[in-house]
Amino acid sequence: MSEALRELARAHGISTAYTTDRGLQVAVSPDTLVAVLAACGVDASTDSAAGAALAAHRSRAAARLLPDCVVLRGPDAARPALPDGAVAEVELEDGGGRAALSGPLPIGRHTLRVSARGREASAPLLVVPERLPVPEGRHWGFLVQLYSVLSRRSWGMGDLGDLAELASWSGRSLGADFVQLGPLHAVEPGPLPDPSPYRPGTRRFPDPMHVRVEAVPEYAYLTGEARHRAERCAQGARALNEAVLRGDALIDRESVRSLKHEALRAVHEVPLTPGRAAAFAAFTAREGSDLTDFATWCALAQVHGGAWRSWPAELRHPRSPAVARAREELAAEVDFHRWLAWITDEQLAAAQSAATGAGMGIGLIHDLAVGVAPQGADTWALADCLAAGMSVGAPPDDFNPHGQDWGQPPWRPDGLAATGWLPAARLLRAGLRHAGALRIDHVMGLFRLWWVPEGRPPSQGTYVRYDAEAMLGTVMLEAHRAGASVIGEDLGTVEAGVREFLHARGVLGTSVQRFEYLGGSEGRHGPLPPERWRADCLATLTTHDLPTTAAWLSGEHVELRSRLGLLTRPEAEEKAEAAAERDGWLAELERLGLLPDPEGDVVALHRFLCRTPARLLGVWLPDATGDLRPQNIPGTSSVHPNWRLPVSDGRGRPVPLEELPGRPLVPALTRVFAALGQRGAESRETCEPSNTCEKTEED
């Protein structure tokens with residue numbers, strides 16, 4: 001590898017070597033560096049090209065008056081160093097006038113303008129809180145994948161009406177303070193070979209397949225043929241729903257979406273009242289070009305298919321004259337998709353209103369996926385900000401010896417810088433709009449991501465670093481404006497200093513019992529005692545990617561992997577290891593006096609969570625029904641019905657939302673968390689096990 005290539009890669013934040021989870025140093029191949037640089041618009045195909053690119057980069061850096069972005073944490077933060085003799089002025093956002101850089105500045109997204117030696121420059125100036133406020137006291141709530149929470153009124157999968165009902169019931173009857181959701185982002189049209197909610201077409205808009213059709217106000221005014229069409233769809237949806245709840249069918253998103261779209265087309269024909277028309281106009285104005293681009297992409301995808309790179313060349317850029325003409329020709333379809341986005345937004349707002357109206361201190365916690373599908377709406381509209389020919393993944397480690405390729409294009413650091421990080425700000429704003437908190441999947445991606453060149457194995461990738469101050473500054477500003485908290489999913493291998501960086505800025509972490517060990521998850525030598533868990537986190541027993549607690553206790557998760565042919569070692573060895581892990585945790589509970597528990601091991605494990613100082617305590621909803629089946633088995637696509645299972649009981653019988661209050665574990669878990677105090681009061685007491693577990697007044 002030439003020194004010019006090595007220096008050029010480092011200058012662009014591209015790692016030329018990385019350290020494995022076992023501490024081994026691995027050099028990145030020159031071919032990988034050349035490919036990653038090319039994806040960033042830098043030619044390093046030859047030594048001379050790399051040398052010329054490096055010289056040009058150094059020349060631009062030397063001539064810069066300002067960095068790409070300036071972040072001030074708090075109005076009194078130290079100001080950036082400027083060239084000698086430079087004159088600086090701050091242009092306040094939203095036409096708020098001008099201010100001196102040295103003076104007090106309001107929190108917001110401003111513009112810093114500098115002139116020096118006859119030259120001028122500008123850069124985004126983010127003035128953000130010194131630290132985001134974390135939720136006061138302690139709170140508990142359910143973790144759910146919405147599609148899996150069906151009621152008898154659903155259309156084949158859980159919807160936003162079900163979400164409002166779940167939040168209202170759990171808030172009022174159980175004292176829960178939040179419902180954390182999986183991503184509700186819109187997926188690609190057409191066939192859904194991968195139903196994962198973590199591989200959407202866009203992260204800027206939710207999917208209208210989550211809409212409760214009958215709750216759209218215009219539904220009540222359907223007449224004639226339009227009503228007949230909608231009722232025919234409803235009849236088909238009821239049949240789908242009944243089949244899922246009987247256990248005779250899996251959740252079928254494609255069918256649900258098709259029926260809802262047909263019914264909603266009928267509803268869309270109903271004229272809006274003046275007030276409703278004004279609300280729709282206000283929504284479209286607020287969302288601006290983002291909504292126009294998304295609705296245009298949806299309309300074009302109906303004509304040309306979802307893979308936009310196979311569209312006619314003149315339609316592959318949202319600002320082309322051909323796209324403008326197509327938008328006019330498809331105006332009715334574009335309007336329909338704008339309307340779909342609006343009614344979905346309305347129902348999300350109603351769900352959050354139901355949650356807070358039920359007394360929830362936080363309400364909905366939305367989930368921001370780490371990326372998008374490579375041919376979706378976002379890669380079309382934001383092509384200049386995403387790295388074509390690259391995929392996000394992870395390097396080889398003990399759990400995935402070949403590494404991982406998630407099939408999602410990463411942000412281009414230079415593309416984000418050129419746009420002032422506005423695309424990231426807008427998608428964060430969308431996720432926070434109807435939320436009390438936002439969970440950021442793989443939050444380490446705000447610092448660096450593992451890029452895998454197309455056509456190569458994940459082991460031939462490398463890390464690309466981002467401007468963490470700008471990324472976190474954007475997160476903090478948008479969360480502050482929304483009055484919401486931020487939770488970072490920081491599981492797995494985390495670069496040194498990242499958790500401390502996030503903690504200092506008020507970003508909560510994620511702690512999962514299965515990974516909390518003395519010595520860390522790699523050097524584990526016994527469960528981490530509860531008093532040693534971190535306080536600023538969401539603590540849970542499991543996640544959507546792990547076995548349910550009932551399966552983990554019984555060993556069913558090993559049996560399942562054996563039946564599916566997924567074991568990588570002899571079955572007896574896997575079972576012995578799983579049993580030892582479980583028994584180690586149960587021994588810890590015995591040491592703490594939490595076992596035996598007359599209400600069972602699942603309840604005792606949740607009592608353990610209460611012993612930790614964690615501010616937020618999450619209950620995976622299937623754990624409250626005794627479900628044995630995982631929602632997802634990572635690394636599989638066809639051997640297990642990932643992302644298609646309804647919440648069920650221990651026998652695999654689906655449990656509709658209406659039956660949740662009658663599940664025996666629900667009141668038992670409610671008693672556990674009632675001991676936290678009224679609505680998050682500061683308390684670390686637990687409802688200790690006894691033959692007659694003492695209930696609080698809330699019970």
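Remember, predicted model here, so these are calculated numbers, not experimental data.

A count of helices and strands for the chain gives 19 helices and 19 strands. Across its three principal axes, the chain shows a C-alpha extent of roughly 80 × 70 × 55 Å. Taking all 699 residues of the chain together, the buried fraction comes to 56%. Total accessible area computed for the chain in this model is approximately 28,200 Å², and 52% of it derives from carbon and sulfur atoms. Between the centroid of the 72 positive side chains of the chain and the centroid of its 89 negative side chains there is a distance of 2 Å.

Our focus in this paragraph is the sheet that holds strand 11 (residues 390–394). Ordered by their spatial adjacency, four strands build an open sheet running 12-11-14-15, and the pairing between neighbours is antiparallel. Two strands lie at the open edges of the sheet, namely strand 12 (404–405) and strand 15 (462–465), each paired on one side alone. With four bridges connecting them, strand 11 and strand 14 (residues 448–453) associate as antiparallel partners. Considered in strand 14, the bridge of S391 is made with V452. The strands touched by helix 2 (residues 30–39) within the sheet are strand 11, strand 14 and strand 15, with strand 14 carrying the most contacts at an inclination of about 105 degrees.

Moving on: the pairing of strand 17 (residues 509–512). Of the two faces of strand 17, both are covered, the one formed by G509 and S511 as well as the one formed by T510 and V512. Here strand 17 runs beside strand 18 (residues 537–540); their pairing, made up of four bridges, is parallel. Counted as the bridge partner of V512 is T540 from strand 18.

So, about the side chain of E218. Note on placement: E218 falls in the loop between strand 9 (178–181) and helix 5 (224–246). Within the structure, the side chain of E218 is placed 2.9 Å from the side chain of R276, a separation counted as a polar contact.

This part covers the nonpolar core. Ranked by internal contacts, the top residues of the largest apolar core, which has 105 residues, are W339, W411 and W451. In this structure, L160, L518, W533 and V672 belong to the second largest nonpolar core, which totals 59 residues.

This part takes up the sheet that holds strand 5 (residues 98–99). Reading across the sheet, the five strands line up as 3-7-6-4-5 and stay open at both edges, with mixed pairing between neighbours. Only two strands of the sheet have a single partner each, and these edge strands are strand 3 (70–73) and strand 5. For strand 3 and strand 7 (residues 119–128), the ladder comprises four bridges, and the chain directions are parallel. Opposite V70, over in strand 7, you have L125 as the bridge partner. Those strands touched by helix 13 (residues 468–482) are strand 3, strand 6 (108–116) and strand 7, and its axis lies near 50 degrees from that of strand 7.

Our focus in this paragraph is the pattern of salt bridges. Enumeration over the complete set of coordinates arrives at 51 salt bridges. Residues R10 and E7 are paired through a salt bridge, measuring 3.2 Å at the closest nitrogen-oxygen approach. With R10 and E7 both in helix 1 (residues 3–11), this residue pair falls three residues apart, about one helical turn. When its relative accessible area of 44% is taken as the criterion, R10 is described as partly exposed. Take E7: its relative accessible area is 24%, and that puts it in the partly exposed class. Residue D441 is joined to R439 by a salt bridge in which the shortest nitrogen-to-oxygen separation is 3.6 Å.

A few words now on the confidence of the model for the chain. When pLDDT is averaged along the chain, the result is 93, and 96% of the positions lie at 70 or above. Scored below 50 in pLDDT, residues 678–699 shows 59 contacts in the model against residues more than four places distant or in partner chains.

The next subject is empty space enclosed by the protein. To find leftover empty space, one rolls a probe the size of a water molecule over the atoms. Enumeration over the complete set of coordinates arrives at five cavities of 30 Å³ or more. The space that makes up the largest cavity amounts to roughly 270 Å³. Lining the largest cavity are 22 residues; nearest its centre among them are F205, P206, L348, A430 and G431. Mapped by element, the contributors of at least two residues to the lining of the largest cavity are helix 7 (274–304), helix 9 (331–357), strand 10 (363–368) and helix 12 (422–432). Residues that form the lining of the largest cavity fall into these classes: ten nonpolar, five polar and seven charged. Taken as a whole, the second largest cavity holds about 200 Å³ of empty space.

Reading guide: rules and limits
- Residues numbered from 1 in each chain as written.
- Predicted model: local features only at pLDDT ≥ 70, side-chain atom pairs only at ≥ 80, totals over all residues.
- Heavy atoms only, no water.
- Helix = DSSP H or I, 4+ residues; strand = E, 2+ residues; numbered from the N terminus.
- Buried < 20%, exposed > 50% of the residue type's maximum accessible area, 1.4 Å probe, protein only.
- Areas by Shrake-Rupley, 256 points an atom, 1.4 Å probe, with all protein chains shown as cover.
- Lys, Arg positive; Asp, Glu negative; His and termini not counted.
- Charge placed at Lys NZ, Arg CZ, Asp CG, Glu CD.
- Pairing = 2+ DSSP bridges.
- Contact = heavy atoms within 4.5 Å.
- Axes fitted to C-alpha atoms, helices over the stretch in contact; angles between N-to-C directions.
- Polar contact = N/O pair within 3.5 Å; in protein donor to acceptor, adjacent residues only side chain to side chain.
- Core = buried A, V, L, I, M, F, W, Y, C linked by side-chain atoms within 4.5 Å.
- Salt bridge = Lys/Arg side-chain N within 4 Å of Asp/Glu carboxyl O.
- pLDDT = per-residue confidence, 0-100.
- 1 Å grid on protein atoms, 1.4 Å probe; cavity = no way out; pocket = protein on both sides within 12 Å on 5 of 7 lines; lining within 4 Å.
- Points joined across faces, edges and corners; volume = space filled by probe spheres on them.
- Nonpolar A, V, L, I, M, F, W, Y, C, P; charged D, E, K, R; others polar.

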